[in-house]
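The chain contents come next:
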Amino acid sequence: GDSVTQMEGPVTLSEEAFLTINCTYTATGYPSLFWYVQYPGEGLQLLLKATKADDKGSNKGFEATYRKETTSFHLEKGSVQVSDSAVYFCALSDMGSYQKVTFGIGTKLQVIP
Amino acid sequence: EAQVTQNPRYLITVTGKKLTVTCSQNMNHEYMSWYRQDPGLGLRQIYYSMNVEVTDKGDVPEGYKVSRKEKRNFPLILESPSPNQTSLYFCASTPGQGYSPLHFGNGTRLTVT
């Protein structure tokens, strides 16, 4: 079955540091890939997405590129802020399974001033 | 405002006492689902619904029931809650296409003693 692998963290960075959160996946079809962010006390919200190989999703300074050859969708940001502290979930949606969304375990990011 | 509304936000109950967590969306989405979030396990799907009167099991359906009598509502029912159902629960909806992101409610934190 489908699966998503990401580190749980926490990842602790100083403000303005470079961020990478790795995400790799296993899927039988041609999935769409997503990053969701969960701020404390809130539900998940979409951060960015990519629907086909080599697509780059971007939002709020975050980027991720859909790499089919390495089955990866790593999240990056050049300069993190304290307000980026949250839990980040990598996810995939397999078109063949009609909205069966598989999530990674979530990576907690703490940014310190 | 487009949103998914869950109630209650917090719920403490005792083993065996039936409870219902409500979920409502105002976006006319066809697809709705329930997830539970547990440390180290990420989000796991409990049940999903592709339309009115159409529901199916997710990855962890045991001990839960759902119904979809109206398009906007998708309640989660625990007929006889047990302590291992203590968790953070999220309802989500989406128009239904595989590349469409999920819209999440703010969560219901359930404690079963």
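To be clear, the structure that these remarks concern was listed above.
Residues numbered from 1 in each chain as written. Chains lettered and ligands numbered in written order. Predicted model: local features only at pLDDT ≥ 70, side-chain atom pairs only at ≥ 80, totals over all residues. Heavy atoms only, no water.

Draft legend 1. Looking closely at the side chain of A:S72. Residue and element names in this part refer to chain A. With respect to the helices and strands, S72 occurs in the loop between β8 (62-65) and β9 (75-77). A distance of 2.8 Å separates a polar atom in the side chain of S72 from a polar atom in the side chain of T70. Leaving out residues up to four positions away in the same chain, S72 has contacts with C23, T24, Y25, L33, T65, Y66 and R67. (Helix = DSSP H or I, 4+ residues; strand = E, 2+ residues; numbered from the N terminus. Polar contact = N/O pair within 3.5 Å; in protein donor to acceptor, adjacent residues only side chain to side chain. Contact = heavy atoms within 4.5 Å.)

Draft legend 2. Structural view of the state of the cysteines. Residues and elements named next belong to chain B. Counted by the stated rule, this structure contains 2 disulfides over all chains. The disulfide that involves C23 links it to C91, with 1.9 Å between the sulfurs. Disulfide C23-C91: the torsion about the S-S bond is -75 degrees, which places it as left-handed. Linking C23 in strand β3 (residues 19-25) with C91 in strand β9 (residues 87-94), this pair joins segments that are 68 residues apart in sequence. Here C23 and C91 have matching classes, each one buried. (Disulfide = S-S within 2.5 Å. Buried < 20%, exposed > 50% of the residue type's maximum accessible area, 1.4 Å probe, protein only.)

Draft legend 3. Main features of the pairing of β9(B). Residue and element names in this part refer to chain B. Burial analysis of β9 places 8 of its 8 residues in the buried class, which makes it a mostly covered element. Pairing geometry for strand β4 (residues 31-38) and β9, over 7 bridges, is antiparallel. Residue pairing across strands places R36 opposite Y89, the latter belonging to β9. Summarising the sheet, β9 and strand β11 (residues 108-112) pair through 3 bridges and their orientation is antiparallel. Its bridge partner lying in β11, S87 is registered against L110. Taken together, the 2 bridges between β9 and strand β10 (residues 103-104) define a ladder with antiparallel strand orientation. By the bridge assignment for β10, S93 is matched with H103. (Pairing = 2+ DSSP bridges.)

Draft legend 4. Structural context of the sheet that holds strand β7 (residues 65-66) of chain B. All names here are of chain B. Pairing is antiparallel across the open sheet formed by 4 strands, whose spatial order is β1-β3-β8-β7. Strand pairing shows two members of the sheet lacking a second neighbour, β1 (4-7) and β7, which therefore form its edges. Bridge count for β7 against strand β8 (residues 76-78) is 2 bridges, and the pairing is antiparallel. Residue pairing for β8: V66 is matched across the bridge by L76.

Draft legend 5. Just the interface of chain B and chain A, in detail. Taken together, the contacts link 26 residues of chain B with 22 residues of chain A. Taken together, both faces of the contact between chain B and chain A bury some 1,900 Å²; the carbon and sulfur share is 56%. Linking chain B to chain A there are 0 salt bridges. Within the residue set of the side of chain B that touches chain A, elements represented by two or more residues are β4, β5 (42-51) and β9 of chain B. Ranked by the residues each element gives to the side of chain B that touches chain A, the list is headed by β5(B), at 4 residues. Of the residues belonging to the side of chain B that touches chain A, the class tally is 12 nonpolar, 11 polar and 3 charged. (Buried area = accessible area lost by both parts, 1.4 Å probe. Salt bridge = Lys/Arg side-chain N within 4 Å of Asp/Glu carboxyl O. Nonpolar A, V, L, I, M, F, W, Y, C, P; charged D, E, K, R; others polar.)

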